[in-house]
Amino acid sequence: MKDVSSRNFDSISPTAHIAAYLRSFYDTEGSYGKMLVDSAGSKKIFASLGGKSTEEEFALFLATRYEIISREIFKRGYKNILEIAGGLSARGLDSVQRDSDIVYIESDLPEVLEEKKRLVGIIASARMKGDRDFERNLLRYILRALNVMDTDALNVIVSLFPEGKIAVITEG
């Protein structure tokens with residue numbers, strides 16, 4: 001068994017790139033998934049790992065899981081959503097644009113979030129030219145660094161939500 005105690009888990013792992021790239025095959029029109037994947041270079045990372053043979057099958061699995069989770073959150077009426085280890089998921093961006101009552105907090109490790117902020121900035125600069133709704137909705141999309149083993153930090157993040165039930169998502 002590998003010793004993981006000395007591994008650095010601060011950057012976006014290849015699996016996050018693979019999941020985002022393959023899920024983007026089934027992104028619905030208007031989703032930010034493809035934009036995140038293109039900006040992050042996830043397709044190139046997937047190709048460098050030798051993937052191809054089960055690309056469509058794996059993509060369908062990831063897209064189905066993503067859509068089922070999203071559908072259940074909306075069907076159950078959650079307005080406060082916390083995604084742990086969000087990686088390159090576009091669910092937060094999609095959610096706040098879809099429903100103006102949603103507060104979406106996406107968490108991950110600091111280095112991962114720095115990359116995500118950069119990518120969201122690319123999308124925002126392209127979209128915000130004259131799109132006041134996009135800009136206003138983006139205020140309810142919060143990126144926060146979090147080590148889920150730090151319960152004090154988790155409690156601080158939870159306290160940022162308005163009153164109401166909270167959906168917690170982690171797909172990793």
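Data block above holds the structure.
My aim in this report is to walk through the structure given alongside it, one point at a time. (Residues numbered from 1 in each chain as written. Predicted model: local features only at pLDDT ≥ 70, side-chain atom pairs only at ≥ 80, totals over all residues. Heavy atoms only, no water.)

At a minimum axis separation of 10 Å, helix 2 (residues 33-40) and helix 6 (residues 110-127) run at an interaxial angle of 120°. You can see that helix 2 and helix 6 cross each other, and the crossing is right-handed. Contact with helix 2, carried on its side by M35, L36, S39 and A40, involves K116, R118, L119, I122 and I123 of helix 6 and no other residues of that element. (Axes fitted to C-alpha atoms, helices over the stretch in contact; angles between N-to-C directions. Helix = DSSP H or I, 4+ residues; strand = E, 2+ residues; numbered from the N terminus. Left-handed = near helix turned anticlockwise from the far one by under 90°. Contact = heavy atoms within 4.5 Å.)

Before going further, it helps to examine unusual backbone geometry. Phi at A85 takes a positive value of approximately 55°, unusual for a residue other than glycine. Locating A85 in the fold gives a position in the loop between strand 1 (80-84) and helix 5 (91-98).

In this section: the pairing of strand 2 (residues 103-108). With six of six residues buried, strand 2 is to be regarded as a mostly interior element. Residues V103, I105 and S107 of strand 2 are buried on one face, and the alternating residues Y104, E106 and D108, pointing to the opposite face, are buried as well. Pairing between strand 1 and strand 2: five bridges, direction parallel. Across the sheet, residue I81 finds its bridge partner in strand 2, namely Y104. Read as a crossover between parallel neighbours, the route from strand 1 over helix 5 to strand 2 is right-handed. (Buried < 20%, exposed > 50% of the residue type's maximum accessible area, 1.4 Å probe, protein only. Pairing = 2+ DSSP bridges. Right-handed = clockwise from strand over helix to strand, strands pointing away.)

Those residues of helix 2 lying buried are G33, L36, V37 and A40. Viewed along the axis of helix 2, the buried residues span an arc of 95°, placing them on a single side of the element. Immediately beyond the C-terminal end of helix 2, within one or two residues, lies G41, with a positive phi of roughly 75°. (Arc of directions from axis to C-beta.)

Here we come to a nonpolar patch on the surface. Together, F25, Y26 and L60 make up a nonpolar patch on the protein surface, roughly 260 Å² of accessible area in all. Examined against the element boundaries, F25 turns out to sit in the loop between helix 1 (14-23) and helix 2. You can call F25 partly exposed: its relative accessible area is 31%. (Patch = residues over 30% accessible without salt bridge, like charges linked within 9 Å, V, L, I, M, F, W, Y side chains within 5 Å. Areas by Shrake-Rupley, 256 points an atom, 1.4 Å probe, with all protein chains shown as cover. Salt bridge = Lys/Arg side-chain N within 4 Å of Asp/Glu carboxyl O.)

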